[in-house]
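# Close look at the chain arrangement
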Amino acid sequence: MEWQKKLRSMPVLYWFSRRMTLWGTISFNLAVFINLIIAFFYPYDSGQGAIDDSMLLMLFWILTGLSVLGLFSKQYGLQPLTLALILRSIYHLGIGNTLILLGSLNLINKVVFVVSFVGNNGTFIMGYKAMVMDVEFLYHLAYALTSTLGLFVHELFYSILLFDLIYREETLFNVIKSVTRNGRSILLTALLALILVYLFSILGFLFLKEDFIMEVDPLLQLSADPQRGLTLHCSCFPGEPSTERACDTLLMCIVTVLNHGLRNGGGVGDVLRKPSKNEPLFPARVVYDLLFYFIVIIIVLNLIFGVIIDTFADLRSEKQKKEEILKTTCFICGLERDKFDNKTVSFEEHIKLEHNIWNYLYFIVLVREKNQTDYTGPESYVAHMIKNNNLDWFPRMQAMSLVVTDGDGEQNEMRMLQDKLVSTMKVVTTLTGQLNELKEQMTEQRKRKQRMGFVDVQAGGSGAVPPSAAGGNHQIYKS
């Protein structure tokens, strides 16, 4: 951070550092163009190689037209134009001078890239030890050294620059990592394969030495004939067999089994002598060939291939998982996309406005650069957390939009409950009033019945004989 402040005070270095990606792209394109020239024209003397002048002019005008169309469509216009200028340079200057020109441009551009890389990362202020331990810086220095060798030593050194594609493409880099990530397992399995080859070589040397008969092709030699020009002569004698023994020593057996046995799909048995079924060692030869095929070819080699393939599949799965997490999970709070479904704020708005990662980075820079005496309360708290490498100040698994939404939901539920309570109270009040009215009506009816019963009692007493008199008369009558 402090280096970036110093870098802005150096306008030239800052200008180069801001365009580091551009310099890298130019270096790779120049390396591709140089290797295309070498592939089509090498070896060359002073002319244009196998392509004549008319073909160069035709290709020049075709590429010029394609570059014009590309410039109008604003896509892929510079590459055809560059190729057209290179062909024009080959036509006028020659292949050698064109390679020198492109190599010089590539070397200068790579030096500019290294300067911009150093300016962007501040490598020089880290000390020599940090520079030596910086693998990326050493890689760019090796690239510049290879460009120098291609310019001043030999043109074929430029072919090494094409490995820059591995550095630029993550997929190819994962292919290399699939071999190096589990390198120990692969090396141990390869060591097992070497041990098995050694054991099979010993068995072949002891029992099957006569079967190690290899077919060879004699080397043809050129000789100058003044009358017929260059003629081909075989270094072999007439009638000499085109075979030779390949297991007279244990070392030759090991080399033969290792070279031919691992490279043939059927194992070492494919290159050995075809024995007759009447030979006494025919069963041993069958067992030898089958064991080598099943143990070395099928099991051991496939173990190595399986480790590489599984590692590459794991790397691809990790990459896809990381991309999926970045697409569906907020980097700041860790909430997933589905948490914002049917909410007032979408996930895209959340990561862009609420939890913008760059805003948090700007705030961290502000806290680090701001004078401590000018801190506010939250800034002091965050500065203390950053100093202790503590990330508890990040809003983990929570967001203001979700809190507001949940609060609104709770308020709505409370409001609904209050409305239901009011309506229930009204119903209770109505029922209470009706019960009171019913109680009063029942009381009135009971009073009315009591009055009616009292009237009936009085009416019966005035129109009849008293029970005591009636009874007395009745008794007298009977006596």
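Residues numbered from 1 in each chain as written. Predicted model: local features only at pLDDT ≥ 70, side-chain atom pairs only at ≥ 80, totals over all residues. Heavy atoms only, no water.

Of all residues in the protein, 76% have pLDDT values of 70 or greater, and the mean over the chain is 80. Looking over the protein, one finds the lowest element-wise mean pLDDT in helix 18 (residues 467–478), namely 42, and the highest in helix 11 (residues 183–207), namely 94. (pLDDT = per-residue confidence, 0-100. Helix = DSSP H or I, 4+ residues; strand = E, 2+ residues; numbered from the N terminus.)

Before going further, it helps to spend a moment on a nonpolar patch on the surface. Side chains of Leu188, Leu191, Leu194, Ile195, Tyr198, Leu199 and Leu258 sit close together on the surface and give an oily, nonpolar patch of about 620 Å² of accessible area. The leading source of residues in the nonpolar patch is helix 11, at six residues. Mapping Leu191 onto the fold places it in helix 11. (Patch = residues over 30% accessible without salt bridge, like charges linked within 9 Å, V, L, I, M, F, W, Y side chains within 5 Å. Areas by Shrake-Rupley, 256 points an atom, 1.4 Å probe, with all protein chains shown as cover. Salt bridge = Lys/Arg side-chain N within 4 Å of Asp/Glu carboxyl O.)

Attention now goes to the UniProt feature "transmembrane region" (unreviewed entry) in the protein. According to UniProt, the feature "transmembrane region" (unreviewed entry) maps to residues 21–42, 54–72, 93–117, 137–165, 186–208 and 290–313 in the numbering used here. With 95% helix and 0% strand, residues 21–42 has end C-alpha atoms that lie 31 Å from one another. Each end of residues 93–117 is marked by a C-alpha atom, and these two atoms are 34 Å apart; helix forms 96% of the span and strand 0%. (UniProt positions renumbered as here; feature names shortened; annotations may be inferred.)

Of all hydrophobic cores here, the largest spans 20 residues; its most connected members are Phe212, Val257, Val268, Leu272, Tyr288 and Phe292. It is helix 13 (residues 282–328) that provides the largest number of residues to this core, a total of six residues. Contacts of Phe212, omitting those with residues within four sequence positions, involve Gly204, Glu244, Arg245, Ala246, Cys247, Thr256, Val257, Val268, Leu272 and Tyr288. Among the nonpolar cores identified, the runner-up in size contains 19 residues, and Leu30, Ile90, Leu99 and Leu151 belong to it. (Core = buried A, V, L, I, M, F, W, Y, C linked by side-chain atoms within 4.5 Å. Buried < 20%, exposed > 50% of the residue type's maximum accessible area, 1.4 Å probe, protein only. Contact = heavy atoms within 4.5 Å.)

Below, the discussion takes up the packing of helix 11 against helix 13. It is at 9 Å that the axes of helix 11 and helix 13 come closest, and there the two elements cross at 170 degrees. If you check the angle between helix 11 and helix 13, you find them roughly antiparallel. From helix 11, Ser185, Ile186, Thr189, Ala190, Ala193, Leu196, Phe200, Ser201, Leu203 and Gly204 reach across to helix 13, where they touch Tyr288, Leu291, Phe292, Ile295, Val296, Val300, Leu303, Ile304, Val307 and Ile308. (Axes fitted to C-alpha atoms, helices over the stretch in contact; angles between N-to-C directions. Parallel < 35°, antiparallel > 145°, perpendicular 65-115°, else oblique.)

Counted under the stated rule, the structure contains ten aromatic pairs. Following the ring pairs from residue to residue traces out a cluster consisting of Tyr360, Phe363, Trp393 and Phe394. Across the ring face of Tyr143, the terminal group of Lys110 is positioned such that the distance to the ring centre comes to 4.1 Å. (Phe/Tyr/Trp six-rings, centres within 6.5 Å; stacked < 30°, edge-to-face > 60°. Lys NZ or Arg CZ within 6 Å of the ring centre and 35° of its normal.)

Moving on to helix 13. Owing to its 3.6 residues per turn, the α-helix brings residues three or four apart onto one side. Under the 1.5 Å per step criterion, the end-to-end length of helix 13 is 66 Å for 47 residues, consistent within 8% with the ideal 69 Å. Of all the bends in helix 13, the greatest, near 30 degrees, is centred on Asn302. Those residues of helix 13 that are buried lie in contact with helix 10 (170–180), helix 11 and helix 12 (250–263). (Expected span 1.5 Å × (residues − 1). Bend = angle between axes of the 7 residues up to and from the residue.)

As for its placement among the helices and strands, Thr311 is situated in helix 13. The class for Thr311 is buried, based on a relative accessible area of 3%. In this structure the side chain of Thr311 is engaged in a polar contact, spanning 2.7 Å, whose partner is the side chain of Asn182. In this view, Thr311 contacts Lys177, Ser178, Arg181 and Asn182; residues no more than four positions away in its chain are not counted. (Polar contact = N/O pair within 3.5 Å; in protein donor to acceptor, adjacent residues only side chain to side chain.)

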